[in-house]
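Understanding the architecture of this molecule
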Amino acid sequence: MKRTLAIAALLCAIALNLHAEGGATAGAREEFRRSGLGIFIHWGVSSMLGSGEWVMTNRNLDYEEYRRLAGAFCPSGFDAREWARDIKASGAEYVCITTRHHDGFSLFKSELTDFNMVDATPFGRDVIAELAEACREEGLRLHMYYSLIDWGRPDAPRGGTGRGTGRPQWDGDYGPYLTFMKGQLTELLTNYGPVGAVWFDGDWDMPEGFDWKYDELYGLIHALQPSCLIGNNHHLAPKEGEDIQIFERDLPGENTAGYSGRATIGSLPLETCQTMSSSWGYAVNDTIYKPVGELIRYLVGAAGRGANLLLNIGPRPDGTMPEEAVLRLRQIGEWMEQYGHTIKGTCAGDVPPRDWGVTTRKGDTLFVHITGLKDSSLYLPLSCKVRKAVCLNDGKEIGFRQDRDGVLLKLGRVPDESDHIIMLTTSDK
Ligand code: JFZ
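Note that the coordinates shown come from a computational prediction; the quantities given were computed from them, not determined experimentally.

**Observations regarding the sheet that holds strand 11 (residues 365-370)**
Read from one edge of the open sheet, five strands run 9-10-11-16-13, paired in antiparallel fashion. The open sheet has two free edges, formed respectively by strand 9 (347-348) and strand 13 (385-391), since each of these has just one partner strand. Taken together, the six bridges between strand 10 (residues 357-362) and strand 11 define a ladder with antiparallel strand orientation. Counterpart to Lys 362 in the pairing with strand 11 is Thr 365.

**Thoughts on the site of the ligand**
What surrounds the ligand is a group of 14 residues, the closest being His 42, Glu 53, His 101, His 102 and Asp 201. Asn 233 places a polar side-chain atom, nitrogen or oxygen, 3.3 Å from an oxygen atom of the ligand. Notes on the ligand: free accessible area 440 Å², of which the protein chains cover 86%. Partitioned by chemical class, the residues of the shell around the ligand number six nonpolar, five polar and three charged.

**Quick word on the environment of Leu 295**
Relative to the helices and strands, Leu 295 resides in helix 9 (residues 292-303). It is 21 Å that separates the C-alpha atoms of Leu 295 and Cys 391, two residues lying 96 residues apart in sequence. Beyond its immediate stretch of four places on either side in the chain, Leu 295 contacts Thr 275, Met 276, Lys 290, Leu 309, Leu 311, Arg 328 and Ile 332.

**Quick word on the side chain of His 42**
Mapping His 42 onto the fold places it in the loop between strand 1 (37-41) and helix 3 (55-58). A polar contact of 2.8 Å, which involves the side chain of His 42, links it to the side chain of Asn 312. Beyond its immediate chain neighbours, meaning those up to four positions away, His 42 contacts Ser 47, Glu 53, Thr 98, His 101, Tyr 145, Trp 280, Gly 281, Asn 312, Ile 313, Gly 314 and Pro 315.

**Concerning unusual backbone geometry**
Phi angles above zero are rare outside glycine, and Lys 213 is one such case at about 60°. Relative to the helices and strands, Lys 213 is located in the loop between strand 4 (197-201) and helix 8 (214-224). Given a relative accessible area of 29%, Lys 213 falls into the partly exposed group.

**What about helix 8?**
For helix 8, the complete set of buried residues consists of Tyr 214, Leu 217, Tyr 218 and Ile 221. On an axial view of helix 8, the arc spanned by its buried residues comes to 90°, and they lie on one face. In helix 8, those exposed residues whose orientation departs by more than 90 degrees from the buried face are Asp 215 and Ala 223. Buried residues along helix 8 sit against helix 7 (175-191), strand 4 and strand 5 (229-232).

**A word on the nonpolar core**
Ranked by size, the top nonpolar core spans 88 residues in total, and within it Leu 37, Ile 87, Leu 185, Val 198, Phe 200, Leu 217 and Trp 335 carry the most contacts. For Val 198, the residues in contact, after removing those within four places along its chain, are Met 144, Tyr 146, Leu 185, Leu 189, Ile 221, Cys 228, Leu 229, Ile 230 and Gly 231. Of all hydrophobic cores here, the second largest spans 19 residues; its members include Val 351, Leu 378, Ala 389 and Leu 411.

**Some points on the pattern of salt bridges**
Applying the stated rule across the entire model yields 20 salt bridges. The residue Arg 136 makes a salt bridge to Glu 133 at a minimum N-O spacing of 3.4 Å. With a gap of three residues between them, Arg 136 and Glu 133 both fall in helix 6 (residues 127-138), about one helical turn apart. A relative accessible area of 46% places Arg 136 in the partly exposed class. The shortest N-O distance in the salt bridge between Arg 413 and Asp 416 comes to 3.2 Å. Bridged by salt links that share partners, the residues Lys 109, Glu 111 and Asp 119 form one connected network.

What counts, and at which threshold
- Residues numbered from 1 in each chain as written.
- Predicted model: local features only at pLDDT ≥ 70, side-chain atom pairs only at ≥ 80, totals over all residues.
- Heavy atoms only, no water.
- Pairing = 2+ DSSP bridges.
- Helix = DSSP H or I, 4+ residues; strand = E, 2+ residues; numbered from the N terminus.
- Near = heavy atom within 4 Å.
- Polar contact = N/O pair within 3.5 Å; in protein donor to acceptor, adjacent residues only side chain to side chain.
- Areas by Shrake-Rupley, 256 points an atom, 1.4 Å probe, with all protein chains shown as cover.
- Nonpolar A, V, L, I, M, F, W, Y, C, P; charged D, E, K, R; others polar.
- Contact = heavy atoms within 4.5 Å.
- Buried < 20%, exposed > 50% of the residue type's maximum accessible area, 1.4 Å probe, protein only.
- Arc of directions from axis to C-beta.
- Core = buried A, V, L, I, M, F, W, Y, C linked by side-chain atoms within 4.5 Å.
- Salt bridge = Lys/Arg side-chain N within 4 Å of Asp/Glu carboxyl O.

In structure tokens:
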């Protein structure tokens, strides 16, 4: 009896502990944390207008006329396998795609609205089904962006955006729209195999205090796929039921884009999303892409803050990815091939982010990522002992001098690579 009790108590303690650490999503959270890089895709009928994914509200397009765009959406160059291969080549571990953005267009077959890829377009193919299959083949996890906002549905909450699309007045009853979203989420989590994460967006559109009933939405997701992660781009501290914390156009701790001022960093796995060019969704004149060195520094900067980078591409209306984007995927991939192990599976390192760069740690190895230094030596405050220092860019050992408070690295020259990496083997003092 005593033994049974003890075992029961132990099981209970394990269950409680599991719950505190993420319960059924604990494993998926850790896998996510180790991922380093994901690729974001913004694509839909809005891509056809070539002015970004906010074109419907930015230009006050009529909601009924907008739906007719779908009748011309026939992306003859769409090839999910090519997307997945190009993405895989970057070293990314997952893909997050807009299954439905604020304009309300669903990229997947849905019984709950005709405004979807299969029923409303001459293309008639389920893009999400094809991408899910291609991702499985390439070993990429699939994440689903899902908008809470809908600028075309009369029953969707009327927030700060989408006010000029001609929809009839909202009656204030959230029930029918909530039912619609639950129906769609059920489709998404039932018809496409394992979903790595659902990525909500649009919370910020309604006045503070509006109840989106996350308990019901999140509960449904975890009931359908217990290990599916939930993230929400609400720019606030994580809410109950969420598995990851999302930052937008900012590295955790920064607030350059003005979105992250209220987001205190919690203990959940972190992700920050950023564009390769300026726009999320395809824009004809959005041709200036960030140099690959800048993207690598952003990726490294995220890793040094314990975050994954979700790097965006806006495919063209014909379904192809801009060459500039494909080139960068390849270049990032070449870098990852050599140095991916210095960010994937690491945690933020001993030295907090500095102007010169960041640190990441894996076991007894500390990686020093020097991304902006105009000196040939660098002093690091450290409480551990350094046994060995190797420059990964040329494989050579470098000199160092240790004192009570840290170590002076003698780099031998002023670093000029996108990321000059020094690998330190450390031990306790
Ligand atoms: C959101 C979307 O609106 C955007 O289209 C894109 O999908 C991006 C990844 O996420 O961006 C936001 C989020 C919040 C605000 C503005 C844009 N905001 O608070 O004003």
